[in-house]
Each structure stands twice: as structure tokens, then as C-alpha cells.
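Listed below are the residues making up each chain.
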Amino acid sequence: MALPSPRTDEQIVQLWSRILNPESWRYARKRFGSLLTEFNPRYPQAGFIGKRYFQVNCRILLMGINPGHGRGYEARDKLLFESSLRLARHPSAENLEALMSVYREQMPAWGIFSRHGVLSRLEVSLDSIAYMNVLHVNTKVDAFDRRLDPVYRYVIDKFTRRQIHLLQPHAILHLGKHGWRMLSEFWPELDRPDELQTNVIWHPTSQQARSAPVEFEAQLEDARRFLTRRKRQLAASRS
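As a convention, each chain's residues are numbered from 1 in the sequence order in which they are written. Only residues with pLDDT of 70 or above have their local features reported here, since the model is predicted, and side-chain atom pairs are shown and tallied only from 80 upward, although totals for entire chains, interfaces and linings are computed over all residues. The basis for the side-chain values is all heavy atoms of the structure; hydrogens and waters are excluded.

Would you take a moment to explain the nonpolar core for this structure?
Across soluble globular proteins, nonpolar side chains have a tendency to be buried as a group. Counting 80 residues, the largest nonpolar core has Trp 16, Leu 62, Phe 113, Leu 122, Tyr 131, Tyr 152 and Leu 167 as the members making the most contacts within it. Secondary structure elements follow DSSP: runs of H or I of four or more residues count as helices, runs of E of two or more count as strands, with numbering from the N terminus. For this core, the element with the most residues is helix H7 (residues 149-167), which contributes nine residues. We call two residues in contact whenever any of their non-hydrogen atoms come within 4.5 Å of each other. Among residues more than four places away in sequence, those in contact with Phe 113 are Leu 62, Met 107, Val 118, Leu 119, Tyr 131 and Leu 175. Joining through side-chain atoms within 4.5 Å is the link that ties buried Ala, Val, Leu, Ile, Met, Phe, Trp, Tyr and Cys residues into a set, and such a set is a nonpolar core. Only protein chains enter the accessibility calculation, which uses a 1.4 Å probe. A residue is then buried if its area is under 20% of the maximum for its type, exposed if over 50%, and partly exposed in between.

So what exactly am I meant to see when it comes to the pairing of strand E2 (residues 60-64) here?
Among the five residues of E2, five are classified as buried, and the element is accordingly described as predominantly covered. Along E2, one buried face is formed by Ile 60, Leu 62 and Gly 64 and the opposite face, lined by Leu 61 and Met 63, is buried too. For E2 and strand E3 (residues 129-133), the ladder comprises five bridges, and the chain directions are parallel. Bridge pairing in E3 links Leu 62 to Tyr 131. By the bridge criterion, four bridges tie E2 to strand E4 (residues 171-175) in an arrangement that is parallel. Bridged to Met 63 within E4 is His 174. At least two DSSP bridges between two strands are required for those strands to pair.

Whenever I open this one, the pairing of E4 confuses me. Can you help?
With five of five residues buried, E4 lies mostly within the body of the structure. Covered by surrounding structure in E4 are Ala 171, Leu 173 and Leu 175 together with Ile 172 and His 174, the residues of both alternating faces. Two elements, E4 and strand E5 (residues 197-201), share five bridges in a ladder whose sense is parallel. Each residue of the ladder has a partner; that of His 174, found in E5, is Val 200. With its strands directed away from the observer, a crossover is right-handed exactly when the path from the first strand over the helix to the second travels clockwise. For the crossover that starts at E4, traverses helix H8 (residues 177-186) and ends in the parallel E5, the hand is right-handed.

How should I be thinking about the pattern of salt bridges in this particular structure?
Pairing is possible between side chains of opposite charge, provided their charged atoms come close. Salt bridges are identified by distance alone: a Lys or Arg side-chain nitrogen within 4 Å of an Asp or Glu carboxyl oxygen. For the coordinates displayed, the defined rule picks out 14 salt bridges. Residue Glu 38 pairs with Arg 29 through a salt bridge whose shortest N-O separation is 3.6 Å. Salt bridges sharing partners connect three or more residues here, namely Glu 123, Glu 221, Arg 224 and Arg 225.

The following block contains the structure:
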């Protein structure tokens, strides 16, 4: 896969901007509004792209399920959402990079990364990966609620699969099995890149990870080996 062209860069700016724009969610809110939280103060989150993501030999995408409720991070979230809305209103490479800088500063403190030292355990850095959720918005019901299935279907078709095609990952590691199940169900296999390989572990903040730490540690180690193996496969194919 080639490095992104200026056209691809512009497509990323425009797609991220659309996802962050509340107007893009008008139909979803009309159809699924009873299941979605209000956007003010929490707005959609399109995801993060590391500085070196498109330069590394093995592009790794970490995927969560949907954004957390951000309890205790209100001041930080305000900065994040202000930057998100700026990109939504004024799509540009500069505003995208400004948003990525906010993500880069805040993400290490998120429970999904900090609770088990996930990034260091996987031997990856923020600058070399991309991160996004299968579903970009907060919900009033649990992410596992079957009433959300049409929401996942709609968002995956409208946004998520398009993001993945632009990010061109060689490996996706799902942090949460439900996100993996929803993406697998609503993203046709024939539409997926040929080189893409996936793996899945429990969500690092889940009750499962807390109640069975030894098993979760084993999952993290298996995920590290999966990513290492994928890097070696790509290196060997290009030598």
C-alpha cells in the first residue's frame, strides 16, 4: 500500500470533519435519538492518527467500542471538544493536526490505556499507531444493548469502514470484543483490505479484565505477539 497522497490527506481531513460535525448526525439523532446522549457537552470523537502512522512499515489501528463518559475529565474534555468542533467548522490540515495534538496529550491518561499500561505492553507508541472507536458517540444504554445494533450498522456503513479504508491498516487490534463483533457483522468481508489481519482482547476497563487479571495479561501478551508477528511478516515480504 502506498503512502497517502495529498488527495488522501484531504479525504482524511474532510471525513474526520464530517464525523465531528453535529449536523452529520441529524438523521441518526432523529432515528436513534432515544439511545444517544446529547452532544453538548460531549460530541462525537473521530479518532487519532499518530505523527508517524503512515511512515511505519506496519500500520496498526487500535479500536475501542465507543467513547467513555469522561467522568473526572471535564476540563480536559472541554479542550478536546473545542478542538473537534473547530475542525468540524473549518476543515483544514492545520486544524486536524491541532486536534491530534490534543489527543496525543490526553490519551495516556485514559483508562483504556493507563489501567494496564496497554501501549507499553503492546510495544507500540502513540506516534506510530492510529486509534478510533467502532461507534463514535456516547449512548444512554450500555454499548452491548441489542437496541444499538441498528446504530452500529448505520455508523459503520456511513463512517467507520470509510475511515479504515483511508487509514489502510495492516493490523487491527480490537480493545473490546463487542466492537469486534459489531464491525465483523456490519462490515462485509469482501469490502475489507486483503492484507488486513485482526485480533481482539477484552476491553482494558471491563469487568472481565478486572476480575480475571491473569487471563487478561495472557491476552495482552498474545496481542503483543500478534503485532510483532505482523511486523515481521510485512518486513519479510518487502525484503
